[in-house]
Amino acid sequence: MKLKKILCALTAALMAMSLLAGCGGEKKAADSEAKNEMKVLRAAASVDFAPFEFQDETKKEYQGFDMDLIRAVGKEMGVKVEISNITFDGLIPALEAGNIDVIISGMTINDTRKKKVLFSDPYYESGLTMVVTAGNDTIKTFKDLEGKKIAVQIGTTSASECRKIKDAQVIELDTPSICFMELKAGNVDAVVNDRPVNDYFISQGFDGVKTLPERLTAEDYGIAINKNNPELQKKVNAALKKLKDNGEYKKIFDKWFAAKKG
Ligand code: GLN
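Residues numbered from 1 in each chain as written. Predicted model: local features only at pLDDT ≥ 70, side-chain atom pairs only at ≥ 80, totals over all residues. Heavy atoms only, no water.

Engineer: Break down the overall build of the protein for me, with residues and values.
Structural biologist: Within the protein, the secondary structure is distributed over nine helices and 11 strands. Taken across its 262 residues, the protein has 42% of its residues classed as buried. Put simply, 69% of the contacts in the protein that link residues at least 6 apart link residues at least 24 apart. When the accessible surface of the protein is split by element, carbon and sulfur atoms take 56% of a total near 14500 Å². (Helix = DSSP H or I, 4+ residues; strand = E, 2+ residues; numbered from the N terminus. Buried < 20%, exposed > 50% of the residue type's maximum accessible area, 1.4 Å probe, protein only. Contact = heavy atoms within 4.5 Å. Areas by Shrake-Rupley, 256 points an atom, 1.4 Å probe, with all protein chains shown as cover.)

Engineer: Can you lay out the side chain of Asn198 for me, pointing to particular residues and giving the numbers?
Structural biologist: One can find Asn198 in helix 7 (residues 195-203). A relative accessible area of 0% means that Asn198 is categorised as buried. In terms of polar contacts, Asn198 uses its side chain to reach the side chain of Thr129, at 2.9 Å. Setting aside chain neighbours within four positions, we find Asn198 in contact with Thr129, Met130, Val131, Phe180, Asn193 and Thr211. (Polar contact = N/O pair within 3.5 Å; in protein donor to acceptor, adjacent residues only side chain to side chain.)

Engineer: Got a sec to walk through the pattern of salt bridges? Specific residues and values, please.
Structural biologist: It is possible for side chains bearing opposite charge to pair when their charged atoms get close. A full pass over the atoms with the stated rule returns 15 salt bridges. One salt-bridge network, in which partners are shared between bridges, spans Asp68, Arg71 and Lys255. (Salt bridge = Lys/Arg side-chain N within 4 Å of Asp/Glu carboxyl O.)

Engineer: Account for the environment of Val40, naming residues and giving values.
Structural biologist: Examined against the element boundaries, Val40 turns out to sit in strand 1 (residues 40-45). With relative accessibility at 29%, the residue Val40 sits in the partly exposed group. The sequence separation of Val40 and Val79 amounts to 39 residues, and the corresponding C-alpha distance is 5.3 Å. Here Val40 is in contact with Val79, Lys80, Glu82 and Asp101, once residues within four sequence places are set aside.

Engineer: With reference to specific residues and values, describe the packing of helix 2 (residues 65-77) against helix 9 (residues 248-258).
Structural biologist: Where helix 2 contacts helix 9, the axes come no closer than 9 Å and their chain directions differ by 165°. Accordingly, the angle class assigned to the pair helix 2 and helix 9 is roughly antiparallel. Helix 2 and helix 9 meet at a crossing whose hand is right-handed. Residues Phe65, Asp68, Leu69 and Ala72 of helix 2 form the contact with helix 9, whose own contacting residues are Tyr249, Ile252, Phe253, Lys255, Trp256 and Phe257. (Axes fitted to C-alpha atoms, helices over the stretch in contact; angles between N-to-C directions. Parallel < 35°, antiparallel > 145°, perpendicular 65-115°, else oblique. Left-handed = near helix turned anticlockwise from the far one by under 90°.)

Engineer: Quick rundown of the site of the ligand? Include the residues and the values.
Structural biologist: All residues adjacent to the ligand are Phe49, Phe88, Ser105, Gly106, Met107, Thr108, Arg113, Gln153, Thr156, Thr157, Asp194 and Tyr221. Between Gly106 and the ligand, the recorded distance is 2.8 Å, taken from a backbone N or O atom to a nitrogen atom. One of the side-chain N or O atoms of Asp194 is found 2.6 Å from a nitrogen atom in the ligand. Relative to its free-state accessible area of 290 Å², the ligand is covered by the protein chains to the extent of 100%. The site holding the ligand turns out to be the largest cavity. By residue class, the composition of the shell around the ligand is four nonpolar, six polar and two charged. (Near = heavy atom within 4 Å. 1 Å grid on protein atoms, 1.4 Å probe; cavity = no way out; pocket = protein on both sides within 12 Å on 5 of 7 lines; lining within 4 Å. Sits in = over half its atoms within 2 Å of the grid points. Nonpolar A, V, L, I, M, F, W, Y, C, P; charged D, E, K, R; others polar.)

Engineer: Which residues make up the sheet that holds strand 3 (residues 102-103), and what values go with them?
Structural biologist: Taken in spatial order, the five strands make up an open sheet running 2-1-3-11-4, and their pairing is mixed. Unpaired on one side and paired on the other, strand 2 (80-85) and strand 4 (117-119) mark the two borders of the sheet. Where strand 4 and strand 11 (residues 224-226) come together, three bridges link them in antiparallel fashion. Each residue of the ladder has a partner; that of Val117, found in strand 11, is Asn226. Against the sheet, helix 2 makes contact with strand 1, strand 2 and strand 3, and its axis sits at roughly 150° relative to strand 2, the strand it touches most. (Pairing = 2+ DSSP bridges.)

Engineer: Just give me the short version of helix 2, but keep the residues and values in it.
Structural biologist: Over its 13 residues, helix 2 runs 18 Å from end to end, which matches the ideal 18 Å to within 8%, given 1.5 Å per residue. Of the surrounding secondary structure, the elements contacted by the buried residues of helix 2 are strand 1, strand 2, strand 3, strand 5 (124-133), helix 8 (230-245) and helix 9. (Expected span 1.5 Å × (residues − 1).)

Engineer: Just give me the short version of the packing of aromatic side chains, but keep the residues and values in it.
Structural biologist: Under the definition given, this model contains 21 aromatic pairs. Ring centres of Phe49 and Phe52 lie 6.0 Å apart, and the angle between their planes is 35°; this geometry places the pair in the tilted category. You'll find Phe49 and Phe52 in the same group, each marked buried. A ring pair is formed by Phe54 and Trp256, whose centres lie 5.7 Å apart and whose planes are at 90°; its orientation type is edge-to-face. Here Trp256 lies in helix 9 and Phe54 lies in the loop between strand 1 and helix 2, a separation of 202 residues in the sequence. Residue classification places Trp256 among the buried residues on the basis of a relative accessible area of 8%. Counting every residue linked through ring pairs, the aromatic cluster contains Phe49, Phe52, Phe65, Tyr123, Tyr124, Tyr221, Tyr249, Phe253 and Phe257. A cation sits over an aromatic face here: Lys244 above Tyr249, 4.9 Å from the ring centre. (Phe/Tyr/Trp six-rings, centres within 6.5 Å; stacked < 30°, edge-to-face > 60°. Lys NZ or Arg CZ within 6 Å of the ring centre and 35° of its normal.)

In short, geometric facts, not functional conclusions.
Right under this line is the structure:
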């Protein structure tokens, strides 16, 4: 009888111990799962927007200011960065569907988008300008675009701004490069697009066109994050701040902008 009692107590103690051990094991698994989630930052861009994101056939990785910046942000956060290429109008839907964690694609922070995504602090000051053929002396300001045919990239602020121009025919195309080709082919009167991208295009020797100085808008770029992930927004902002404080942001900026003299 006594022996039975002892055995019973022992069994109970063993069971309790194994239960506890089980709990610990589960907790460990949950912890590392949470860590695993943070090991990779899935970023996406519409990789056709030099000098922010573009492909250089001689290099394996996507190139550009945004690409360097998001890799530096990931490094600060201690995570690996994977970048996928998605057309501009597909970026926010991909973020909302949870297929990616962040968008870094020269994306302008605005109220329409803020209804769908969270934005990081601004990381680049931009704005819209227009490009016309070199010989065009009738279009000088945005007012002159009334009743004209304008090419813009689909889903962009250029598209929504140009739709406000009286009687303008706005042609939405997949990439800025296609817009410029259409301009050169004489199929449109002007291209409206982000200023640094227009300037870079021309600086790279795309001839027969010119960019006009007037700016239609002033816009700030931000990194977009899923609405349900304010934690990630905090981490991205902390990383951006650190990169600005430690000079890394300036290094990346100079690599793509200040260094491009002449
Ligand atoms: N800045 C513009 C926008 O957010 C264009 C961005 C882009 O084409 N990559 O709409």
